[in-house]
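Fold and contact review
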Amino acid sequence: MIQAPSVDWFAIAPEVALIVGAFTLLIVAAFAKGHERGLSIVLGGATLLVSGAFAVAAWGDAPVLTMADAFRVDDLTELVRITVALLAALVILLSVGWPRFREHGSEFTALLLLVCAGMGIVAGSTSFVTLFVGLELFSLSLYVLCAFDGKSRASLEAGFKYLVLGTIGSIVLVYGAAFLYGATGSFMYDDIATSLAKSGSGDSIVVLGTALVLVGLLFKVGAMPFHMWVPDVYQGAPTQVTGFMAGATKLVAFVALARILLDALPSQEHLWSPVLIIAAIVTIIGGNIAALIQTNVKRMIAWSSVGAAGYALIGIIVNGEQGLRGLVFYLGAYAFTAMGAFAVIALFERDQARENGHATLDGMRAWGFSRPFAGMAMVVFLLAFAGFPPTAGFIGKFIVSGTAVTNGYAYLAIIGAIGSVIGLGYYLRIILSLYDRSRKTDVGLPAAPGLGAISLVILLCLAVVLFGGILPGVLLDWSGQASAFLAISR
Amino acid sequence: MDLVVFFLAALAAIATAVAVVAQKNPFVSALALLGNLVALAVLMLLLEAQFVAVAQIIVYAGAVMVMFLFVIAYVGPRGEVGPGERKPWQIWLAILAAALIAIEVVAVVYGATFSDWAEISGDYGSPAAIGKSLVTNYLLAFEIVSVVLFMGAVAGVIFGSGGRPLRLSNDEVLAKEAASAEQRRREDSRAVLDAARDSMGGDR
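The structure displayed is predicted, hence computed values, not measured ones. (Residues numbered from 1 in each chain as written. Chains lettered and ligands numbered in written order. Predicted model: local features only at pLDDT ≥ 70, side-chain atom pairs only at ≥ 80, totals over all residues. Heavy atoms only, no water.)

Focus: helix α2 (residues 26-46) of chain B
Residue and element names in this part refer to chain B. With 21 residues, α2 extends 30 Å from end C-alpha to end C-alpha; this agrees with the ideal 30 Å at 1.5 Å per step. Buried within α2 we find Ser29, Ala30, Ala32, Asn36, Leu37, Ala39, Ala41 and Leu43. Elements in contact with the buried residues of α2: α1 (2-22) and α3 (50-75). (Helix = DSSP H or I, 4+ residues; strand = E, 2+ residues; numbered from the N terminus. Expected span 1.5 Å × (residues − 1). Buried < 20%, exposed > 50% of the residue type's maximum accessible area, 1.4 Å probe, protein only. Contact = heavy atoms within 4.5 Å.)

Okay, structure coming up:
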């Protein structure tokens with residue numbers, strides 16, 4: 001008789017809800033033709049609400065290990081689940097006026113729900129097997145979402161590029177996990193850490209495994225020099241998907257990276273710390289410089305999000321309570337900033353639907369006068385990217401840089417500041433283009449499809465970014481509570 | 001003996017893997033992939049993983065490869081994209097990087113000390129043992145994989161329905177069929193006329 005492992009259903013309820021919701025939506029939509037859009041919004045929103053509510057209900061509970069210890073539910077997992085569910089809800093809102101959503105809304109929403117489920121699994125994974133399976137669930141769904149705009153060649157190209165390059169990243173990660181398994185005899189982070197602590201870290205197989213795992217995860221994070229997929233994918237993907245990827249994927253990938261490095265490979269810090277330092281420096285400088293020469297705003301923000309990955313890396317390098325809190329706060333704030341910025345770009349694309357619809361610097365000239373709210377919101381989001389007060393981006397960069405200085409990594413803080421200054425160069429270019437007086441017209445724009453929903457998304461993101469910048473206490477407490485589970489296990 | 005089989009299978013695996021990438025004809029690539037899968041199955045057999053080896057042959061070399069060949073036959077052996085704007089230095093850089101990784105892996109594995117040898121119990125690699133670990137240690141991963149497969153089916157539906165007009169109503173379908181039937185009739189009658197003209201030896 002096989003003894004099945006005990007399953008704590010409450011602990012995995014958010015993922016179960018998401019998967020059940022995705023299945024239900026697809027089945028119901030098959031019998032309710034013509035109501036695709038309404039059904040997707042209602043069922044998708046309800047599923048995300050239920051999933052998020054389960055995560056909120058378990059917030060603050062003691063950590064739970066379930067499913068044969070392969071899945072860990074602590075406040076960090078919950079924080080990721082809640083953030084991802086919120087971002088996914090914003091994606092659904094942004095899709096309301098999208099023609100593709102009317103035809104294929106149920107599939108789009110179902111895939112989005114599966115992405116959220118996969119991200120929850122990754123955030124709580126305690127073994128390489130769980131990590132890989134969760135990673136594949138959300139990555140594969142994201143590849144499809146990137147290519148969802150079937151009429152656009154750029155979208156298909158983005159999906160295909162992401163598929164090929166993302167798969168290479170996954171393969172390298174699995175290759176590394178296999179070497180670590182060979183060296184320690186386990187896929188579980190805890191067992192790997194104990195085995196390495198016992199045997200010492202001189203084994204060359206451990207070194208190779210660590211290196212390959214690092215490469216695979218830096219790939220997912222989009223840090224240099226493994227960033228080459230980011231600009232093309234972010235530019236070609238449907239804009240709301242880009243907004244989701246910039247925030248949610250980064251957050252989840254960094255949580256996975258932090259859990260592996262701090263739970264499984266703390267004994268290898270002398271190996272991975274220098275690698276991360278170099279990656280962070282190259283990423284911050286390279287990402288921001290490359291963004292300077294872009295003319296497409298979507299691509300520009302994609303490059304700037306490469307740079308943002310560099311700041312988050314500093315949080316892991318510093319690796320104390322403060323650094324990890326800064327990491328979580330910075331990425332959470334970044335997620336909503338990016339979502340807001342891409343929501344504004346989505347609105348611009350809707351306005352330009354009859355023309356080519358590309359958000360180039362030239363095309364956006366004086367658009368801020370026609371859409372005053374979206375234009376001003378974009379200014380706030382760009383200042384948040386650059387790290388200006390009173391935005392959440394300022395607090396995030398401030399904490400990360402501050403902890404870097406107090407922990408003897410002052411040069412990283414200086415590099416970060418240089419990156420921010422370079423960043424200001426292209427953020428200002430966007431702002432100047434939005435408010436170019438020479439092209440100012442007094443003609444108001446007609447209502448774009450889904451204008452109300454997009455405006456709501458922009459408003460919500462704006463609220464989070466400003467709240468996090470003016471009264472950061474609450475959000476900082478949450479980040480601290482969540483990241484404590486990384487620091488404790490050291 | 002084991003060593004001989006290992007090196008034969010390993011060489012075959014590498015050679016076929018190179019052939020998959022290097023061949024221009026997708027049919028040959030697919031067949032090379034088939035050879036690669038078989039070679040890997042032999043390697044798995046050497047590692048006492050009988051079940052995985054057999055599953056690999058049946059599922060991949062059997063079902064999946066047949067599907068591959070169907071798709072290639074359906075799409076036709078075209079669709080080979082030229083090298084595009086690839087620059088020669090990129091190719092050399094790629095080869096250099098790949099060679100460095102290969103050297104690193106070989107050096108590391110060659111220099112490693114394998115001290116903790118694990119004993120393999122009698123039913124290691126048997127279907128029963130694998131089935132057991134799927135529903136015990138790897139229950140979560142096992143369940144999630146089923147969702148991943150489902151997701152793949154959804155993706156197939158999305159891309160498969162891309163080209164055609166979506167969700168025609170019954171009336172539209174009937175109208176379309178009537179139109180195509182009409183056109184076929186016209187073409188038929190034109191063919192009959194042409195044949196009649198040919199048989200009468202009329203000049204063209």
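Having seen the structure, we can now continue with the description.
Regarding the interface of chain B and chain A
Contact with chain B, which involves 30 residues of that partner, is made by 38 residues of chain A. Both sides together, the interface formed by chain B and chain A hides about 3,000 Å², and carbon and sulfur atoms give 82% of it. Inspection of the region where chain B meets chain A yields 0 salt bridges. Linking chain B to chain A there are 1 residue pair in polar contact (both at pLDDT 80 or more). At the level of elements, α4 (88-111), α5 (127-135) and α6 (139-160) of chain B are the ones that each hand at least two residues to the side of chain B that touches chain A. Tallying contributions element by element places α6(B) first for the side of chain B that touches chain A, with 14 residues. For the side of chain B that touches chain A, the residue count by class is 22 nonpolar, 5 polar and 3 charged. (Buried area = accessible area lost by both parts, 1.4 Å probe. Salt bridge = Lys/Arg side-chain N within 4 Å of Asp/Glu carboxyl O. Polar contact = N/O pair within 3.5 Å; in protein donor to acceptor, adjacent residues only side chain to side chain. Nonpolar A, V, L, I, M, F, W, Y, C, P; charged D, E, K, R; others polar.)

Here's the deal with the confidence of the model for chain B
In this model, chain B carries a mean pLDDT of 79, and residues with pLDDT of at least 70 account for 80%. Low pLDDT (under 50) marks residues 164-171 of chain B, which in the prediction has 10 contacts with non-local residues, meaning those over four places away or in another chain. (pLDDT = per-residue confidence, 0-100.)

As for the pattern of salt bridges
All names here are of chain A. Tallied over the full model, the rule gives 8 salt bridges over all chains. For Arg81, the salt bridge identified is with Glu15, shortest N-O distance 2.5 Å. Here Arg81, found in helix α3 (residues 75-95), pairs with Glu15, found in helix α1 (residues 13-31); they are 66 residues apart in sequence, far enough to count as distant. Summarising the burial analysis for this pair, Arg81 and Glu15 share the class buried. Sharing partners across several salt bridges, the network here consists of Glu157, Lys161, Asp232 and Arg299.

Considerations on the state of the cysteines
All names here are of chain A. As enumerated under the stated definition, the model contains 0 disulfides over all chains in all. With no disulfide of its own, Cys146 lies 14 Å from the sulfur of Cys116, the closest cysteine sulfur. No disulfide involves Cys461; its sulfur sits 15 Å from the nearest other cysteine sulfur, which is in Cys116. (Disulfide = S-S within 2.5 Å.)

Observations regarding a nonpolar patch on the surface
There is a patch of nonpolar side chains on the surface, built from B:Val66, B:Met67, B:Phe68, B:Phe70, B:Val71, B:Tyr74 and B:Val75 and spanning about 770 Å² of accessible area. Along the chain, B:Met67 falls in helix α3. (Patch = residues over 30% accessible without salt bridge, like charges linked within 9 Å, V, L, I, M, F, W, Y side chains within 5 Å. Areas by Shrake-Rupley, 256 points an atom, 1.4 Å probe, with all protein chains shown as cover.)

Focus: the packing of helix α11 (residues 269-292) of chain A against helix α12 (residues 297-318) of chain A
Residue and element names in this part refer to chain A. It is at 8 Å that the axes of α11 and α12 come closest, and there the two elements cross at 155°. Between α11 and α12, the interaxial angle falls into the category roughly antiparallel. With respect to the hand of their crossing, α11 and α12 are arranged in left-handed fashion. Of the residues contributing to the contact of α11 with α12, the split by class is 17 nonpolar, 7 polar and 1 charged. (Axes fitted to C-alpha atoms, helices over the stretch in contact; angles between N-to-C directions. Parallel < 35°, antiparallel > 145°, perpendicular 65-115°, else oblique. Left-handed = near helix turned anticlockwise from the far one by under 90°.)

Some words on unusual backbone geometry
A cis amide bond links A:Met224 with the next residue in sequence, A:Pro225, at an omega value of 0°. With omega at 5°, the peptide bond leading from A:Pro389 into A:Pro390 counts as cis. Along the chain, A:Pro390 falls in the loop between α15 (372-386) and α16 (392-406). Positive phi outside glycine occurs at A:Met67, with the angle close to 50°. Within the chain, B:Glu48 stands out as a residue other than glycine whose phi angle is a positive 70°. Its location among the elements puts B:Glu48 in the loop between α2 and α3.

Some details on the packing of aromatic side chains
The geometry of an aromatic ring pair is captured by the separation of the ring centres together with the interplanar angle, meaning the angle of the planes. Residues and elements named next belong to chain A. All told, the structure shown has 22 aromatic pairs over all chains when counted by the stated rule. Summarising the aromatic geometry, the rings of Tyr330 and Tyr334 are spaced 6.3 Å apart at their centres and angled 35° between planes, so their arrangement reads as tilted. Of this pair, Tyr330 and Tyr334 both sit in helix α13 (residues 321-351), 4 residues apart, which is roughly one turn of the helix. With a relative accessible area of 5%, Tyr334 lands in the buried category. Aromatic ring contacts, followed pair by pair, group Tyr311, Tyr330, Tyr334, Phe385, Tyr426 and Tyr427 into a single cluster. The ring of Tyr311 is capped by Lys397, whose NZ or CZ atom sits 4.3 Å from the centre of that ring. (Phe/Tyr/Trp six-rings, centres within 6.5 Å; stacked < 30°, edge-to-face > 60°. Lys NZ or Arg CZ within 6 Å of the ring centre and 35° of its normal.)

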